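Examining the three-dimensional arrangement
These are the residues of each chain, in order.
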Amino acid sequence: AQRVTQPEKLLSVFKGAPVELKCNYSYSGSPELFWYVQYSRQRLQLLLRHISRESIKGFTADLNKGETSFHLKKPFAQEEDSAMYYCGGYNNNDMRFGAGTRLTVKP
Amino acid sequence: NAGVTQTPKFRILKIGQSMTLQCAQDMNHNYMYWYRQDPGMGLKLIYYSVGAGITDKGEVPNGYNVSRSTTEDFPLRLELAAPSQTSVYFCASNVGEGNTEAFFGQGTRLTVV
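So, a few notes on the structure that sits alongside this text. Note that the coordinates shown come from a computational prediction; the quantities given were computed from them, not determined experimentally.

For chain B, the helix and strand inventory stands at zero helices and 11 strands. Each helix and strand of chain B, placed in order from N terminus to C terminus, yields the pattern β-β-β-β-β-β-β-β-β-β-β. In terms of C-alpha radius of gyration, chain B reaches 13 Å, essentially the compact-globule figure of 13 Å for 113 residues. Taking the principal axes of its C-alpha atoms as reference, chain B extends roughly 40 × 25 × 25 Å. When burial is assessed residue by residue, chain B has 47% of its 113 residues classed as buried. For chain B, the exposed area adds up to about 5,200 Å²; of that, 51% sits on carbon and sulfur atoms. If you average the places of the 9 positive and of the 9 negative side-chain charges in chain B, the two averages end up 13 Å apart.

Pasting the structure below:
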């Protein structure tokens, strides 16, 4: 079955500290992996995709096929990064998400 | 720039009542999705559609029905509301064919009492 797992429901770090949000996937075939973010009172929006190999708002994510992981990282967290983060995968027309991790960046 | 529009924003239903959650997009996207968001459970895919006249079940389709008669609209129907269907419902659309940049609606908060 296609599945995306985010083991941490809550993650709290201090401003300026590194942050890593974990994501593991289980898919048959080669899914496209991505991260979406939901800021308070805003709509869910795409943060980044593994095929783009880009850095958005200082975040990066590396696809590790051996470990079936797609962890999201940022070297220096900012208070405005506080949000709900969803890892997801796309394969055979359906798009699924993990349970989400709520990141809180404390001043 | 309407994007994806969901109506209503809030609704309270009694057990056994039925209702339709509306979703419309004006971006000419082929693919549309319905999710429910429950605390600690994340987003669960209910149904999706890859084009007008085509729908498929997602992870949690029981208790719901959908139709896609036009490219723009993808309504979600609850026939016999149950307390377990209390949730926030999100509609999303994307171009499809491997493009995962989906655009989400603002959500519908449904409470079944």
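The structure having been displayed, the exposition proceeds.
Glancing now at the interface of chain B and chain A. Each partner contributes to the interface: chain B provides 26 residues, whereas chain A provides 19 residues. Summing the contributions of chain B and of chain A, the shared interface buries around 1,900 Å²; its carbon and sulfur component is 52%. On the chain B side of the contact with chain A, Leu43(B), Thr100(B) and Phe104(B) bury the most area, a combined 31% of that side's loss. The interface formed by chain B and chain A contains one salt bridge. Between Glu59(B) and Arg96(A) there is a salt bridge, with the nearest N and O atoms lying 4.0 Å from each other. Put simply, chain B and chain A have nine residue pairs in polar contact (both at pLDDT 80 or more) between them. With five residues, strand S5 (residues 42-51) of chain B is the largest single contributor of residues to the side of chain B that touches chain A. For the side of chain B that touches chain A, the residue count by class is 12 nonpolar, 11 polar and three charged.

Our focus in this paragraph is the nonpolar core. With 24 residues, the main nonpolar core has Trp35(A), Leu72(A) and Tyr85(A) as its most contacted residues. In terms of nonpolar packing, the next biggest core, distinct from the first, is built from 20 residues, Phe34(A), Phe97(A), Tyr48(B) and Ala102(B) among them.

Its place among the elements puts Gln22(B) in strand S3 (residues 19-25). The sequence separation of Gln22(B) and Thr7(B) amounts to 15 residues, and the corresponding C-alpha distance is 5.2 Å.

Turning our attention to the pairing of strand S9 (residues 83-91) of chain A. All names here are of chain A. When you tally the buried positions in S9, you get nine out of nine residues, the bulk of the element. Residues Ala83, Tyr85, Cys87, Gly89 and Asn91 point to one face of S9 and Met84, Tyr86, Gly88 and Tyr90 to the other, with burial holding for every one of them. Both strand S5 (residues 32-38) and S9 contribute to a ladder of seven bridges, which runs antiparallel. By the bridge assignment for S9, Leu33 is matched with Gly89. Sheet topology places S9 next to strand S10 (residues 94-97); four bridges connect them, and they run antiparallel. Residue pairing in the sheet places Gly88 in a bridge with Phe97 of S10. What sits between the antiparallel neighbours S9 and S10 is a turn of two residues, in which Asn92 has the positive phi angle 50°.

Right, let's get into the side chain of His50(A). All names here are of chain A. Among the structural elements, His50 can be located in the loop between strand S6 (45-49) and strand S7 (60-64). By relative accessible area, His50 is classed as buried at 18%. A distance of 3.0 Å separates a polar side-chain atom of His50 from the backbone nitrogen of Leu33. Those residues within four positions of His50 in sequence are excluded, and the remaining contacts are Pro31, Glu32, Leu33, Leu63 and Phe70.

Residues and elements named next belong to chain B. In this structure, Gln6 sits in strand S1 (residues 4-7). In this structure Gln6 comes out as buried when scored by relative accessible area, which is 1%. There is a polar contact of 3.2 Å between the side chain of Gln6 and the backbone nitrogen of Gly107. Residue contacts for Gln6: discarding those within four places in its chain leaves Gln22, Trp34, Tyr89, Phe90, Cys91, Gly105, Gln106, Gly107 and Thr108.

Calculation notes
Residues numbered from 1 in each chain as written. Chains lettered and ligands numbered in written order. Predicted model: local features only at pLDDT ≥ 70, side-chain atom pairs only at ≥ 80, totals over all residues. Heavy atoms only, no water. Helix = DSSP H or I, 4+ residues; strand = E, 2+ residues; numbered from the N terminus. Rg over C-alpha atoms; globule rule 2.2 N^0.38 Å. Buried < 20%, exposed > 50% of the residue type's maximum accessible area, 1.4 Å probe, protein only. Areas by Shrake-Rupley, 256 points an atom, 1.4 Å probe, with all protein chains shown as cover. Lys, Arg positive; Asp, Glu negative; His and termini not counted. Charge placed at Lys NZ, Arg CZ, Asp CG, Glu CD. Contact = heavy atoms within 4.5 Å. Buried area = accessible area lost by both parts, 1.4 Å probe. Salt bridge = Lys/Arg side-chain N within 4 Å of Asp/Glu carboxyl O. Polar contact = N/O pair within 3.5 Å; in protein donor to acceptor, adjacent residues only side chain to side chain. Nonpolar A, V, L, I, M, F, W, Y, C, P; charged D, E, K, R; others polar. Core = buried A, V, L, I, M, F, W, Y, C linked by side-chain atoms within 4.5 Å. Pairing = 2+ DSSP bridges.

Function-wise, these values are silent; they only describe arrangement.
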